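# Coordinate analysis (summary)
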Amino acid sequence: MSQRTMELEVMRYRPEMDDKPFFQTYSVPCEEEWVVLDALNYVKDEMDRTLSYRWSCHMFVCGSCGMVINGEPKLACKAFLRDYDGKIRIEPLHNFPIERDLVIVQDDFIEKLESVKPYIIPKQEKPLSEGEYLQTPAQLKAYKQYSMCMNCLLCYSACPQYGLEEKFVGPAALALAHRYNMDSRDVGRSAREHVVASHDGIWACSFVGACSQVCPKDVDPAGAIQQVKFSSAVDYLTSFLPGGKR
Amino acid sequence: MSRKPYHREMSKTTWFLKQSRYQHYMLHEISSIFVAIYVGVLIVGLFRLAQGPDAWAGWLAAVTSPIGVIFHIIVFIFAIIHTTSWFKAVPQAMRIQRGEEIVPGKLIIGAHYGVWAAVSVVVLLVAGVA
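Calculation notes
Per chain, the residues get numbers from 1 upward, laid out in the order the sequence is written. Both sets of labels track the order of writing: A upward for chains, 1 upward for ligands. Two thresholds apply to this predicted model, a pLDDT of at least 70 for residue-level local features and 80 or more for giving and counting side-chain atom pairs, whereas whole-chain, interface and lining totals are computed over all residues. For every residue pair, C-beta atoms are placed from the backbone, and the pair is scored as a contact if these atoms sit within 7 Å. Strands are runs of DSSP state E lasting at least two residues, helices are runs of H or I lasting at least four, and both sets are numbered from the N terminus onward. All residues other than Ala, Val, Leu, Ile, Met, Phe, Trp, Tyr, Cys, Pro, Asp, Glu, Lys and Arg, Gly among them, are scored as polar; the first ten of these are nonpolar and the last four charged. Residue-level confidence of the predictor is what pLDDT reports, using numbers from 0 through 100. For the domain bounds, the source is a domain assignment made automatically or taken from a database. With C-beta atoms placed from the backbone, a residue is buried if 20 or more other C-beta atoms are within 10 Å of its own, exposed if 12 or fewer are, and partly exposed between those counts. Only the stretch in contact is used when fitting a helix axis, every axis being a line fitted to C-alpha atoms; angles between N-to-C directions are given from 0 to 180 degrees. The cut-offs work like this: below 35 degrees is roughly parallel, past 145 is roughly antiparallel, 65 to 115 is roughly perpendicular, and the gaps in between are oblique. The crossing is said to be left-handed when, going from far helix to near helix, the turn is anticlockwise and less than a right angle, and right-handed when the turn is clockwise. A strand pair is defined by DSSP finding two or more bridges across the two strands. Connectivity within a nonpolar core runs through C-beta atoms within 7 Å, and the core itself is a set of buried Ala, Val, Leu, Ile, Met, Phe, Trp, Tyr and Cys residues.

### Remarks on the interface of chain B and chain A
Facing 19 residues of chain B, the contacting portion of chain A comprises 29 residues. Elements represented by at least two residues in the side of chain B that touches chain A include exactly α1 (20-51) and α3 (66-93) of chain B. When grouped by side-chain class, the residues that make up the side of chain B that touches chain A number 9 nonpolar, 4 polar and 6 charged.

Next up, the structure:
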């Protein structure tokens, strides 16, 4: 195993003593197979215990270690050091307030996620004794892609629309609303509509598409939003037909 | 301990200069302005046609003048940018499921180019160019 020294420029913000963030550079002896998260863990363990950042699984499952690495929103556990030259600039995710160092305030997203009711709303609750809700592979395929979202928030960091207009419900929450709308066991589309099909919902998206480009799970939130726009527009137009609901 | 989150503001006027993907987005948004202007020019042409042979000849002379040709080349470049960038995005908005498979995006994009080529040939035939 070969080692090389990497310069980590890490954005620091300690609310009890700093008025604004600044960059602190750490020279870290890195192993060849390390990811950015390994380098941060080395800093935390061996160099500076005051550095704060979120992480949990270190295996591309939990979605906790999202940060902006050399200007690109990425998971630190998936950003291999071998893909970078000697210097790496690490910032907290954009478009969120900074709580401390690389830790962002997620409250706004959590509220928005709750607002789209991200759970199955069945037509009729049935007791456990009646068994599971059955689903064909084709029915699973209809929403599976969108169910891969792990709320890592890279999409919100990449989305200029969210950066410019905080009220925008945003990519992941809308993709997850679509995920449940597309689920054959769910009948909650109309219950989600007042948030999803609102001015601050899908219609605030101008289809920059950056969310889908940075998504580590290929969820394609931008695609989900455009599909909901189409079905929402169809809803609107059919409401003018005889018997249509307005 | 009280919290003191730090807010970073995104520039409302220069945000799209920060990343190449934002610049591409702006380019394909701006291309729509040129498409709209050209639609306007064509509508003016229709009105001139309705006004009689002299008015039509004047419009025709304007669009075939050197400045008119340069204008056409510029609009053509932006129309190509507009069309290709939207075609590229179509599979995201048009997700077609057949059984357990999703129809590949390349097929959907290819079909769009095919229809585009066919319509162009028909227009050229009707115009008597080809």
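Here the narrative resumes.
### Considerations on the confidence of the model for chain B
Put simply, chain B has an average pLDDT of 95, and 98% of its residues get 70 or more. Here the complex is predicted with pTM 0.93, and the ipTM for its interfaces comes to 0.88.

### Description of the domain arrangement of chain B
Residue and element names in this part refer to chain B. Domain parsing of chain B yields domain 1 (16-93) and domain 2 (97-130). Of note, the centres of domain 1 and domain 2, computed from C-alpha atoms alone, are 21 Å apart. Each side of the interface is counted separately: domain 1 has 5 residues, and domain 2 has 6 residues. Class assignment for the residues of the side of domain 1 that touches domain 2 results in 3 nonpolar, 1 polar and 1 charged.

### Observations regarding helix α6 (residues 171-181) of chain A
Residue and element names in this part refer to chain A. Where burial is concerned, most of α6 is hidden: 11 out of the 11 residues are buried. Within the sequence span of α6, burial applies to P171, A172, A173, L174, A175, L176, A177, H178, R179, Y180 and N181. Tucked into the core, α6 has its buried residues touching α2 (107-115), α3 (137-147), α4 (154-158), α7 (189-196), α8 (210-214) and α9 (221-238).

### Details of the packing of α3(A) against α6(A)
Residue and element names in this part refer to chain A. The geometry of α3 relative to α6 is characterised by a closest axis approach of 8 Å and an angle of 160° between their N-to-C directions. Classified by the interaxial angle, the pair formed by α3 and α6 is roughly antiparallel. When you trace α3 past α6, the crossing you get is left-handed. The segment α3 lies against α6, with Y143, Y146 and S147 engaging A175, L176, H178 and R179. A per-class count over the contact of α3 with α6 returns 4 nonpolar, 2 polar and 1 charged.

### Side note on the sheet that holds strand β4 (residues 72-75) of chain A
Residue and element names in this part refer to chain A. Pairing is mixed across the open sheet formed by 5 strands, whose spatial order is β2-β1-β5-β3-β4. At either margin of the open sheet sits one strand with a lone partner, and together these are β2 (22-31) and β4. For this sheet, the mean inter-axis angle between neighbouring strands, taken without regard to orientation, is 35°. Relative to strand β5 (residues 87-91), strand β3 (residues 66-69) runs antiparallel, the two being bridged by 2 bridges. Of the residues in β5, the one forming a bridge with V68 is E91. Against the sheet, helix α1 (residues 36-47) engages β1 (3-12), β2, β3 and β5, with an angle of about 100° to β2.

### Let's talk about the packing of α1(B) against helix α2 (residues 53-64) of chain B
Each pair of packed helices can be summarised by the angle the axes make with each other and by the distance between the axes. Residue and element names in this part refer to chain B. One way to put it is that α1 packs onto α2 with a least axis distance of 5 Å and a crossing angle of 150°. Classified by the interaxial angle, the pair formed by α1 and α2 is roughly antiparallel. In the packing of α1 onto α2, the handedness of the crossing is left-handed. Contacts from V44, G45, R48, L49 and Q51 in α1 reach A55, W56, G58 and W59 in α2. Looking at the contact of α1 with α2 residue by residue, the class counts come to 5 nonpolar, 3 polar and 1 charged.

### Remarks on the nonpolar core
All names here are of chain A. With 65 residues, the main nonpolar core has V36, A39, A76, C155, L174 and L176 as its most contacted residues. Ranked by the residues each element gives to this core, the list is headed by α6, at 7 residues. Here this core gathers at least three residues from each of two domains, domain 1 (3-104) and domain 2 (107-238). Sequence-distant contacts of V36, defined by excluding residues within four places in its chain, comprise I69, A76, A79, L81, I88 and I90.

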